[in-house]
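Residues per chain, in single letters:
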Amino acid sequence: MLPTIFYIGLSALLFVIGVCGVLLRRSTLMVFMSIELMLNSANLALVTFANQRQSLDAQIMVFFVITIAAAEVAVGLALLVMIFMRKQTTNIDTMTTLKG
Amino acid sequence: MELVIFVITAIVAIIGAVAMLTSRNAVHSALFLLLNFGAIAVLYLLLQAPFLFAVQLIVYAGAIIVLFLFVVMLLGAERDEEDANPIRWQAPVAITMAVLLVGEIIWVLVRQSQDSIARVGSSDSDFGSPAQIAQALFTTHLLPFEVASFVLLTALIGVVVLHQRRS
């Protein structure tokens, strides 16, 4: 078993790359993919701690996170297709209808 | 040996993530994301989580990436962000704050690693096996399991309702 810090460091790096994706890219699809990347890096941290503590609870939690991510992607992409049909673009700056 | 596998997998994961972030074509981005998910699945194997390895490959690398590719190709939205970001100061500020964030996380980790991040208990060769996961899932965590099924059902109905033709 390698030191936990290796895995957590990798997880942090992937999470920050995901944050950069959300902040820098303008396409809604890319923002979605970056969110998936961040979810994955959090899962990696949870599995690392499960192994370190020899406790299954974190692995069960990762299982639920994957379930919720699947549901989220299905609904999110359905919304995205609807918005694309209406606006003919996936640029996130055009979605300002709810702006106060 | 474990270190070699970890380093190779970590490099593949980071390359996949960075290439996803920088590639202009959404199809390429989805495929690089697939590479990253595969690398993370290998890391799950190293961390004694064979069940999650399988779930990661089936749900993430299988279902979610296929869904992404399907939507990208359906919309024909491979490359539609050629126009520049209207908020000009956003990119430098975002990169600066990301570097600050990663530095802060590494600093906290290095400070903590002396005392609290130490291996607890001995390694059980059966740890994380599907049988153990199932036992925990269907006894201790039965209620969240049922709630998750409702969430999936709600997502299913939501997608159907969203795409209903309103006449």
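Keep in mind the model is a prediction, meaning the values are calculated, not measured.

A. Here's a closer look at helix H1 (residues 2–22) of chain B. For H1(B), with 21 residues, the first-to-last C-alpha span of 30 Å sits near the 30 Å given by 1.5 Å per residue. When we look at burial in H1(B), the residues that qualify are B:Phe6, B:Thr9, B:Ala10, B:Ala13, B:Gly16, B:Ala17, B:Ala19, B:Met20 and B:Leu21. The elements touched by buried residues of H1(B) are helix H1 (4–24) and helix H2 (28–53) of chain A together with helix H2 (26–46) of chain B.

B. The interface of chain A and chain B, seen in detail. Each partner contributes to the interface: chain A provides 66 residues, whereas chain B provides 79 residues. Of the roughly 6,900 Å² buried between chain A and chain B on both sides combined, carbon and sulfur atoms contribute 77%. Taken as a group, A:Arg25, A:Met33 and A:Gln54 account for 9% of the area that chain A buries against chain B, more than any other trio of residues on that side. For the interface between chain A and chain B, the tally reads nine residue pairs in polar contact (both at pLDDT 80 or more). Of all the secondary-structure elements, those providing two or more residues to the side of chain A that touches chain B are H1, H2 and helix H3 (57–87) of chain A. Looking at the side of chain A that touches chain B element by element, the count peaks at 21 residues for H3(A).

C. Representation of the nonpolar core. B:Phe6 and B:Tyr44 are the most contacted members of the largest nonpolar core, which totals 61 residues. When contributions to this core are tallied by element, the ones reaching two or more residues are H1, H2 and H3 of chain A together with H1, H2, helix H3 (50–75), helix H4 (90–112) and helix H5 (130–138) of chain B. In terms of residue count, the dominant contributor to this core is H3(A) (eleven residues). Non-local contacts of B:Tyr44, meaning those with residues more than four positions away in its chain, are made with A:Asn40, A:Asn43, A:Leu44, A:Val47, A:Val62, B:Ala49, B:Leu52, B:Phe53 and B:Gln56.

D. View of the packing of aromatic side chains. Scanning the entire structure with this criterion turns up seven aromatic pairs over all chains. Ring centres 4.7 Å apart and planes at 65° place the aromatic pair A:Tyr7 and B:Phe6 in the edge-to-face group. Pair noted here: A:Tyr7 is in helix H1 and B:Phe6 is in helix H1, and the two residues belong to different chains. Relative to B:Phe145, the ring of B:Phe138 has its centre 4.9 Å away and its plane inclined at 70°; by these criteria the two rings are edge-to-face. Members of the aromatic cluster, connected to one another through ring pairs, are A:Phe6, A:Tyr7 and B:Phe6.

E. Spatial organisation of the environment of B:Val72. If you trace the backbone, B:Val72 turns up in helix H3. For the pair formed by B:Val72 and B:Asn25, sequence separation is 47 residues and the distance between their alpha carbons is 9.9 Å.

F. View of a nonpolar patch on the surface. A cluster of nonpolar side chains, namely A:Phe6, B:Leu3, B:Val7, B:Ile11 and B:Ile15, defines an oily patch on the protein surface of about 420 Å² accessible area. Ranked by the residues each element gives to the nonpolar patch, the list is headed by H1(B), at four residues. Following the sequence through the fold, B:Ile11 ends up in helix H1. With relative accessibility at 47%, the residue B:Ile11 sits in the partly exposed group.

G. Local environment of the pattern of salt bridges. Residues and elements named next belong to chain A. A complete count under the given rule lists one salt bridge over all chains for this structure. Across the pair Asp93 and Arg26 runs a salt bridge whose closest N-O atoms are separated by 3.0 Å. Taken together, the residues Asp93 in the segment after H3 and Arg26 in the loop between H1 and H2 connect sequence positions 67 residues apart.

H. Representation of unusual backbone geometry within the structure. Backbone geometry at A:Gln54 places phi at a positive 50°, although glycine is not the residue there. Along the chain, A:Gln54 turns up in the loop between H2 and H3. The backbone of B:Gln48 sits at a positive phi, close to 60°, despite the residue not being glycine. Here B:Gln48 lies in the loop between H2 and H3.

Rules of the game
Residue indices begin from 1 for each chain and proceed along its sequence in written order. Note on labels: chains are lettered from A, ligands numbered from 1, in written order. With the structure being a predicted model, the display of local features is reserved for residues of pLDDT at least 70 and the display and counting of side-chain atom pairs for 80 or more, all residues being used for whole-chain, interface and lining totals. Values reported for side chains reflect all heavy atoms of the structure, with hydrogen atoms and water molecules removed beforehand. A run of H or I in DSSP counts as a helix once it spans at least four residues, and a run of E counts as a strand once it spans at least two, with each numbered from the N terminus. Multiplying one less than the number of residues by 1.5 Å gives the expected span of a helix. For every residue, the accessible area (1.4 Å probe, protein chains only) is compared with the maximum for its type, and the residue is labelled buried under 20%, exposed over 50%, or partly exposed between those bounds. Working rule for contacts: check all heavy atoms of both residues, and any pair within 4.5 Å makes them a contact. Each of two parts loses accessible area, computed with a 1.4 Å probe, when they are put together; buried area is these two losses added. Pairing of N or O atoms within 3.5 Å defines a polar contact, subject to two protein rules: one partner must be a possible hydrogen donor and the other a possible acceptor, and residues neighboring in sequence count only if both atoms are side-chain atoms. Put simply, buried Ala, Val, Leu, Ile, Met, Phe, Trp, Tyr and Cys residues joined by side-chain atoms within 4.5 Å make one nonpolar core. Note on aromatic pairs: the rings of Phe, Tyr and Trp (six-membered ring only in Trp) are paired at centre separations within 6.5 Å, and the planes decide the class, stacked below 30 degrees, edge-to-face beyond 60, tilted for the rest. Exposure above 30% relative accessible area and the absence of a salt bridge qualify a residue for a patch, where like charges join within 9 Å and nonpolar side chains (Val, Leu, Ile, Met, Phe, Trp, Tyr) within 5 Å. The Shrake-Rupley method, run with a 1.4 Å probe sphere, supplies the accessible areas, and residue values consider only the shown protein chains as cover. One side-chain nitrogen of Lys or Arg within 4 Å of one carboxyl oxygen of Asp or Glu is enough to make a salt bridge.

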